[in-house]
There are 2 protein chains.
Amino acid sequence: MKHVKIGLLGIGNVAVGTFRTLQMNHSRIERSTGISIDIIKILNRSPEKDRGISVAEGVYTQDPADILDNPEIDIVVELIGGIEPATEYMARALRNGKHVVTANKAAIAANGSMLQNLAVENNVMLRFEASVGGGIPILGTLSNALLSNDFDEILGIVNGTTNYILTQMTEYGLDYDDVLKDAQEKGFAERDPSGDVEGIDVANKLSILMSIIFGLRVPPEDIPTQGITSITKDDINFATQFGYKIKLLATAKKKDGAVECHVQPALVPFDHPLASVSNEFNAIFVRGNAVDDLMFYGKGAGPLPTGSAVMGDVIEIARAIDKGCAFDSTPVLKEYDDVAYAGEGKNKYYLKLIVDDAPGVLGKISSAFGKYGISIASMMQRPALRTPESSVPLVFILHEAERNVLDTALEELGKQSYVSSVSSVIRVEE
Amino acid sequence: MKHVKIGLLGIGNVAVGTFRTLQMNHSRIERSTGISIDIIKILNRSPEKDRGISVAEGVYTQDPADILDNPEIDIVVELIGGIEPATEYMARALRNGKHVVTANKAAIAANGSMLQNLAVENNVMLRFEASVGGGIPILGTLSNALLSNDFDEILGIVNGTTNYILTQMTEYGLDYDDVLKDAQEKGFAERDPSGDVEGIDVANKLSILMSIIFGLRVPPEDIPTQGITSITKDDINFATQFGYKIKLLATAKKKDGAVECHVQPALVPFDHPLASVSNEFNAIFVRGNAVDDLMFYGKGAGPLPTGSAVMGDVIEIARAIDKGCAFDSTPVLKEYDDVAYAGEGKNKYYLKLIVDDAPGVLGKISSAFGKYGISIASMMQRPALRTPESSVPLVFILHEAERNVLDTALEELGKQSYVSSVSSVIRVEE
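This is a predicted model, so every value here is computed, not measured. (Residues numbered from 1 in each chain as written. Chains lettered and ligands numbered in written order. Predicted model: local features only at pLDDT ≥ 70, side-chain atom pairs only at ≥ 80, totals over all residues. Heavy atoms only, no water.)

Visitor: Which parts of the structure should I look at to understand the relation of the copies chain B and chain A?
Guide: Each of the two chain copies goes to the other by way of a rotation about an axis and a shift along it. Turning chain B through 180° and shifting it by 0.0 Å along the axis lays it on chain A, with an RMSD of 0.1 Å. The superposition of one copy onto the other is thereby described by a two-fold rotation axis. Taken as a fraction of all interface residues of chain B, those also at the interface in chain A reach 100%, which identifies the copy contact as same-surface. (Least-squares fit on C-alpha atoms with pLDDT ≥ 70 in both. Contact = heavy atoms within 4.5 Å.)

Right, here's the structure in full:
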C-alpha cells in the first residue's frame with residue numbers, strides 16, 4: 001500500500017469540504033488506486049473554533065513551515081485564497097520539491113505562469129482544477145481528453161453568487177438589493193460581495209480558461225469587465241417579455257489571431273442551454289473544431305463540490321507519484337507578448353431609455369438610430385412605476401450593431417431634451 | 001520529436017472522422033505534446049471507393065496482419081464495430097504488445113473485461129472513450145478527475161438516432177415512421193435501425209457506464225430494455241400538454257448494494273436539463289457524493305465528434321509512451337459475480353387507455369385503480385382521430401406506484417369490456 005501525505009493550507013469552507021470528501025471516500029480511493037492518501041497537517045490559525053470536522057491530535061498547526069518545509073509532505077494543498085501570501089506559499093512548496101494543488105483563481109490568474117515554470121524546474125506538478133467551475137472537471141478535460149481539438153469559442157456562467165442573485169430576481173421579481181441581502185444571509189454571497197458582483201471573480205476564471213483553451217495570456221485586468229450591480233428587476237421583466245433571461249456571461253472568441261473577450265451581463269434566449277442554468281449552478285460551453293459544441297454543467301461552488309475537484313487533482317498527483325514516472329511538465333498557462341484584441345464586434349443589444357411621454361418621441365428616436373444605421377428589431381413601451389409621471393421607459397431589442405457605433409448614437413441621444421436617461425445597454429447572446 | 005505510429009482498422013465514418021481530426025490538428029498536437037502522431041496503415045477492404053480523404057501511397061492495406069503484427073505500429077485503433085472480428089483483432093493487438101483504442105460499444109460491453117485483463121498482462125493500455133457519448137469525454141473524466149467521488153446515480157440520453165427521431169416527432173408533430181424514413185435519408189439512422197431504435201445501443205453504453213461508475217458488471221442483455229418503436233405522436237402530444245417531453249433514457253441507481261437499471265422511454269419535465277437536449281445531442285447526468293449533480297452535453301455521434309474522442313485516447317497513450325512511464329494498469333471494467341437487482345421501484349407513470357366513450361367508464365377505471373392503491377395525478381380526455389367513433393383515449397399521469405402493482409392493475413383493466421386497449425405505459429422521470 002503506497003502512502004501519499006498531504007498538507008492543507010487553510011481551514012475555511014473549501015478546506016473543510018476537501019477534508020470531508022477525502023474522509024467520505026478514503027476507502028474507495030484506496031481500492032481504486034492502491035494508495036492511502038492522508039492529510040497529516042492543516043494550517044489553522046484559530047484551532048479553538050469548531051469547524052464541524054474531527055481532526056486527529058497534532059494535525060492542526062499555526063506554522064506554515066510545518067507544511068511547506070516538512071519532508072514528510074508530498075502534496076501541499078493551498079486553500080487560503082487571495083494573491084498573497086498564497087502565491088509565496090505555493091512558490092516555496094514548489095521550490096521544496098512538493099507538488100501543489102490549489103483552488104485559488106486570483107493567484108493563478110495573476111501568477112500561474114510563474115508558478116507553472118517553478119513546477120517544471122523542480123520536476124513537480126501544479127494543479128488548479130478547483131479554481132474554475134467548482135466541482136466541474138473542466139480544466140483537466142480541456143488539458144487532456146480534448147487536446148485533439150482546436151477551440152475557437154468559450155462561453156460560460158462561472159460565478160455561483162451572481163447566478164443565484166439573477167435567478168432569484170427572475171423567479172420572484174425582486175429588487176437586486178433585497179436578493180443580495182438574502183443571498184448573504186444564506187451564504188451564497190460574501191459580506192463584501194464586490195469580487196463576485198462586480199465580475200472580478202469571473203474575469204480571473206476567464207483569464208485562466210483562455211490561457212488553457214486558446215494558449216493566450218490575457219491578464220484579468222485587461223478583460224473588459226462589467227458585473228450585475230446595475231441590473232434592475234425591470235430589465236429582467238422586459239427581457240422575459242422579449243423571451244430572454246439575463247445571465248452574467250464570460251465569453252471569449254478567437255478569430256484571425258485576435259481574441260474578443262469580455263465579462264458582462266447578456267440576454268440569453270430561453271431555449272439556449274445556458275438559460276436553464278440556475279442558482280448556484282455553473283456551466284461552461286466550448287466549441288472545438290472536431291468535437292463541436294460541448295457543455296459542462298454542475299455546482300460551481302460549495303465546500304463538497306470544490307473539495308471534489310481539489311481531491312481529483314490530489315489523486316492524479318498521487319497516482320503519478322505512485323507510478324514513479326516523469327511528471328506531466330507541459331506548461332498549460334501560456335505567456336505570450338502579442339495578443340491582439342478584437343472589439344465587441346456586431347451584436348444585438350437590449351436597450352432601455354427613459355424618455356418624455358410626449359407625441360413624436362418614438363419617431364425622433366427611430367430617426368436618430370437610423371442616422372447611424374441602427375435598426376430596431378423589437379420595442380416595448382409600458383407605464384412605469386418609478387419614473388416621474390411625464391416619463392416612460394422605452395425598451396428595445398436592436399438589430400446587430402457595432403458597439404462603438406451604438407455608444408456614439410446613445411451619447412447623442414442622451415443629450416436630447418426628450419431623453420431623461422440611457423438606462424441599460426445589455427448585449428444579446430444568440 | 002517523438003514519433004508515435006497508428007494503425008486504423010476500418011474506413012467507415014468514424015475512421016474518416018478520426019483521420020480528419022488528426023489531419024486538422026496535427027501541428028497543434030505536436031506543439032502541445034512534442035509528439036508527431038501519424039496514421040501509417042489503414043485497413044480498407046474497398047480502396048477504390050472514394051471516402052473524401054486523401055491518403056498517401058502504401059497506407060491502405062487489405063490485410064489485418066499489416067497492422068496487428070506490424071512492429072512499427074504502437075497503437076491499433078479499432079473502428080470496424082460489432083463484436084467479431086473486432087474483439088479478436090483487439091485481443092491479437094494487445095497480445096502483440098500494442099496499445100488499443102476503440103469506439104466499439106458492443107465489443108467492450110461484451111468483452112471489455114477480458115480485453116482489459118489482456119492489456120494489463122501485456123503492460124499496454126486499452127481505451128474506449130468514443131464508445132459512450134461520442135465526443136463527450138465522459139469515461140476519462142469519470143475514471144480520473146471524479147475518482148474522488150462515490151456515485152449513486154446515472155441518467156442519460158446516449159443515442160443520437162433515437163433522440164433525433166423523438167425531437168423531430170415533437171417539433172413537427174409527425175408520425176414515427178415518417179420521421180424514421182427522414183432520419184435514414186439524412187444519415188441519422190441506419191438502413192437497419194433496430195440496434196438504435198430498440199435500445200440495444202443504449203443498453204451497451206449503460207453497461208459500460210455502470211461498470212466504470214459503480215464498479216458493477218451488468219451485461220447489456222440483463223438490462224431491461226425498451227426502445228422507441230411504440231411511441232406515437234399522440235403520446236408526445238399528450239405528454240407536451242402535461243408539461244413533459246418524451247426521451248429515451250438510460251438510468252441506473254445504486255441503492256443498498258443493489259442496482260436498479262433500465263433503458264426505456266420516459267416523460268421528462270420541461271425544466272429538467274435533459275429536456276433541452278435535442279436532435280443528435282447527448283447528455284449524461286451523474287450524481288456524486290461530493291461533486292453533487294454534474295452533466296456533460298455534446299454531440300453523441302458524428303464522424304468528427306467521435307474522431308475527437310478517439311484521438312483524445314490516442315494522444316493520452318502517445319504521451320504515456322513518450323514519458324516511458326508504467327502504463328495505467330488499473331482495470332476499470334469490473335467483473336463481479338453478485339449483482340443484486342432492485343426492481344423499478346415507485347414511479348409516476350403516464351398511461352394511455354383506449355376506452356368506450358360511454359357513461360361511467362371513468363368512474364369504473366378510477367375504482368379499479370383505487371383497488372390497487374393507485375391514484376390519479378392528472379387526466380385528460382380528448383377526441384381521437386384514429387379510433388373507432390365509439391372509443392376515446394384517456395390519458396393519465398398516475399401518482400407514484402410500484403410497476404408490478406400497476407401491471408397487475410392494467411392486466412385486470414385490459415380484460416374489461418369497456419377497455420379496448422392499454423395503449424402506452426411510460427415512466428415519468430422527475
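From this point, the discussion proceeds with the structure in view.
Visitor: Is there a simple way to explain the side chain of Ser 391 of chain A in this structure?
Guide: Residues and elements named next belong to chain A. Tracing the backbone shows Ser 391 in strand E15 (residues 391-402). A residue is classified by how much of its surface remains accessible, and Ser 391, at 10% relative accessible area, is buried. When near neighbours in sequence (up to four residues on either side) are disregarded, Ser 391 contacts Ile 354, Val 355, Asp 356, Asp 357 and Ser 420. (Helix = DSSP H or I, 4+ residues; strand = E, 2+ residues; numbered from the N terminus. Buried < 20%, exposed > 50% of the residue type's maximum accessible area, 1.4 Å probe, protein only.)

Visitor: Can you walk me through the pattern of salt bridges in this structure?
Guide: Pairing between side chains of opposite charge can happen when their charged atoms approach one another. Following the criterion strictly, the structure yields 36 salt bridges over all chains and no others. Measuring nitrogen to oxygen at the nearest pair gives 3.8 Å for the salt bridge that ties Glu 72 of chain B to Lys 5 of chain B. Taken together, the residues Glu 72 of chain B in the loop between helix H2 (65-68) and strand E4 (75-78) and Lys 5 of chain B in strand E1 (residues 2-9) connect sequence positions 67 residues apart. For Lys 415 of chain B, the salt bridge identified is with Glu 411 of chain B, shortest N-O distance 4.0 Å. With relative accessibility at 64%, the residue Lys 415 of chain B sits in the exposed group. Using a relative accessible area of 52% as the deciding quantity, one classes Glu 411 of chain B as exposed. By sharing partners, the salt bridges in this structure join Arg 28 of chain A together with Asp 150 and Lys 254 of chain B into a single network. (Salt bridge = Lys/Arg side-chain N within 4 Å of Asp/Glu carboxyl O.)

Visitor: What should I look at first to understand the interface of chain B and chain A in this one?
Guide: Where interface size is given, it is often the accessible area lost as the parts come together that is meant. At the interface, 46 residues of chain B touch 46 residues of chain A. Here chain B meets chain A over a buried area of about 3,900 Å², counting both sides, of which 55% is carbon and sulfur. Considering only the surface of chain B that becomes buried against chain A, Arg 28, Leu 147 and Tyr 297 of chain B emerge as the three largest contributors, covering 16% of it. The shortest N-O distance in the salt bridge between Lys 299 of chain B and Asp 292 of chain A comes to 3.5 Å. Taken together, the links from chain B to chain A amount to 18 residue pairs in polar contact (both at pLDDT 80 or more). Contributions of two or more residues to the side of chain B that touches chain A are made by helix H1 (13-33), helix H5 (138-143), strand E10 (281-288), strand E11 (292-299) and helix H11 (303-323) of chain B. (Buried area = accessible area lost by both parts, 1.4 Å probe. Polar contact = N/O pair within 3.5 Å; in protein donor to acceptor, adjacent residues only side chain to side chain.)

Visitor: Looking at this structure, how should I read unusual backbone geometry?
Guide: Note: most peptide bonds trans; most residues except glycine with negative phi. Residue and element names in this part refer to chain A. A cis amide bond links Glu 84 with the next residue in sequence, Pro 85, at an omega value of 5°. If you trace the backbone, Pro 85 turns up in the loop between strand E4 (75-78) and helix H3 (86-95). Even without a glycine there, the phi angle at Asn 123 is positive, about 55°. When you line up the elements, Asn 123 lands in the loop between helix H4 (105-121) and strand E6 (126-127). For Asn 123, a relative accessible area of 47% translates into the label partly exposed. A positive phi is found at Asp 292, a non-glycine position, where the angle reads about 70°. For Asp 292, the position within the fold is in strand E11 (residues 292-299).

Visitor: Can you help me understand the packing of helix H12 (residues 361-371) of chain B against helix H13 (residues 403-414) of chain B in this one?
Guide: The packing of two helices is summarised by the inter-axis angle and the distance between the axes. Residues and elements named next belong to chain B. Where H12 meets H13, the closest approach of the two axes is 9 Å, and the angle between their N-to-C directions is 140°. H13 is crossed by H12, and the crossing has right-handed handedness. The residues of H13 that touch H12, namely those facing Ile 365, Ala 368, Phe 369 and Lys 371, are Leu 406, Ala 409, Leu 410, Glu 412 and Leu 413. Each residue belonging to the contact of H12 with H13 can be placed in one class, and the counts come to 7 nonpolar, no polar and 2 charged. (Axes fitted to C-alpha atoms, helices over the stretch in contact; angles between N-to-C directions. Left-handed = near helix turned anticlockwise from the far one by under 90°. Nonpolar A, V, L, I, M, F, W, Y, C, P; charged D, E, K, R; others polar.)

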